[in-house]
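Here's the letter readout for the chains.
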Amino acid sequence: AAISATRKRLAWTLALLLLTGLGCAQDVWAFAGTIQQVLGSARIARKSGQQAPAIRGDQLYEGDTVMTAAQSNVQIRMVDDAQVWLRPITEFKISSYRSKQHGADRDEAKMQLVAGSLRTITGAISPAKGGDYKLSTPNATIGIRGTEFDAVHATPQYAAEVGMDPGTYNRVYRGSTLLAG
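Residues numbered from 1 in each chain as written. Predicted model: local features only at pLDDT ≥ 70, side-chain atom pairs only at ≥ 80, totals over all residues. Heavy atoms only, no water.

### Thoughts on the overall build of the chain
Next up, step 1: In terms of regular secondary structure, the chain is built from two helices and 14 strands.
Next up, step 2: Within the chain, buried positions represent 39% of all 181 residues.
Next up, step 3: As presented, the chain carries roughly 10100 Å² of accessible surface, and 55% of it is formed by carbon and sulfur atoms. (Helix = DSSP H or I, 4+ residues; strand = E, 2+ residues; numbered from the N terminus. Buried < 20%, exposed > 50% of the residue type's maximum accessible area, 1.4 Å probe, protein only. Areas by Shrake-Rupley, 256 points an atom, 1.4 Å probe, with all protein chains shown as cover.)

### Notes on the pairing of strand β7 (residues 83-86)
Next up, step 1: Note: strand β6 (residues 73-78) against β7, four bridges, orientation antiparallel. Each residue of the ladder has a partner; that of R77, found in β7, is Q83.
Next up, step 2: Taken together, β6 and the strand that follows it, β7, pair antiparallel across an intervening segment of four residues, in which D81 is found at a positive phi of about 75 degrees.
Next up, step 3: Of the strand pairs in this sheet, β7 and strand β9 (residues 108-121) are connected by four bridges, and their pairing is antiparallel. Along β9, the bridge assignment pairs V84 with T120. (Pairing = 2+ DSSP bridges.)

### Brief notes about the pattern of salt bridges
Next up, step 1: Applying the stated criterion to the full structure yields 12 salt bridges.
Next up, step 2: A salt bridge links R106 to E108; its shortest N-O distance comes to 3.1 Å.
Next up, step 3: For R106, a relative accessible area of 40% translates into the label partly exposed.
Next up, step 4: A residue is classified by how much of its surface remains accessible, and E108, at 8% relative accessible area, is buried.
Next up, step 5: Salt-bridge contacts for R119 lead to E148; the nearest nitrogen and oxygen are separated by 2.3 Å. One end of the pair, R119, is in strand β9; the other, E148, is in strand β12 (residues 148-154), with 29 residues separating them in the sequence.
Next up, step 6: The buried category is assigned to E148, whose relative accessible area is 12%.
Next up, step 7: It is possible to trace a salt-bridge network through shared partners that takes in D105, R106, E108, K110, D132 and K134. (Salt bridge = Lys/Arg side-chain N within 4 Å of Asp/Glu carboxyl O.)

### Details of the side chain of D58
Next up, step 1: Note on placement: D58 falls in the loop between β3 (51-53) and β4 (59-61).
Next up, step 2: Within the structure, D58 has its side chain in polar contact with the backbone nitrogen of I55 (distance 2.8 Å).
Next up, step 3: Residue contacts for D58: discarding those within four places in its chain leaves G33, T34, I35, I44 and P53. (Polar contact = N/O pair within 3.5 Å; in protein donor to acceptor, adjacent residues only side chain to side chain. Contact = heavy atoms within 4.5 Å.)

### Quick word on the packing of aromatic side chains
Next up, step 1: Scanning all chains against the criterion turns up one aromatic pair.
Next up, step 2: Between F31 and Y61, the aromatic rings sit 5.9 Å apart at their centres with planes inclined by 70 degrees, giving edge-to-face as the arrangement. A residue pair is termed long-range when its members are at least 10 positions apart, and F31 in strand β1 (residues 31-39) and Y61 in strand β4 qualify at 30 residues.
Next up, step 3: Under the relative-accessibility criterion, F31 is labelled partly exposed at 23%.
Next up, step 4: One residue, R119, lies across the ring of Y173, its end atom 3.9 Å from the ring centre. (Phe/Tyr/Trp six-rings, centres within 6.5 Å; stacked < 30°, edge-to-face > 60°. Lys NZ or Arg CZ within 6 Å of the ring centre and 35° of its normal.)

### Concerning the pairing of β1
Next up, step 1: In the sheet, β1 pairs with β4 via three bridges, with the strands oriented antiparallel. Note on β4: the bridge partner recorded for F31 is Y61.
Next up, step 2: Bridge count for β1 against β6 is six bridges, and the pairing is antiparallel. Considered in β6, the bridge of Q37 is made with Q75.

If you want it as structure tokens, here you go:
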């Protein structure tokens with residue numbers, strides 16, 4: 001009888017673990033993109049707090065931050081085929097990146113340009129296709145209406161290094177954006 005009770009507890013424990021694990025299935029869709037190229041050096045800070053050098057082929061997930069060193073660039077292909085090029089001395093965080101194509105319940109791309117500059121060409125996730133695509137800096141949000149643009153957030157340190165005034169800047173090559181402070 002004691003063995004039977006132990007087996008029942010074990011079966012219930014395993015069932016609870018499986019159900020709890022199924023509740024975490026959403027994290028499977030947290031895959032956001034892949035590092036395509038690293039010129040110079042860069043680091044990835046994971047949501048877990050771990051940091052490692054960025055190398056070609058590294059997968060990026062929601063909550064990850066990529067940081068480029070001076071004279072370094074990183075190219076990222078996002079899950080929806082968007083392209084992001086991080087320029088030197090840049091800190092870029094992927095807050096949320098979900099695609100219906102890959103099982104998410106909605107198309108959403110929310111990223112933060114903490115410091116530095118980037119260039120991007122949007123992919124399948126865009127407001128024109130019913131998705132939510134935003135790039136934020138510490139003092140502004142850029143709502144994307146277009147397909148190709150540059151963004152710069154010049155912190156005082158970054159601005160001094162590159163010879164510009166601090167602030168958020170946006171240049172559109174195709175389409176349009178809305179910059180709101």
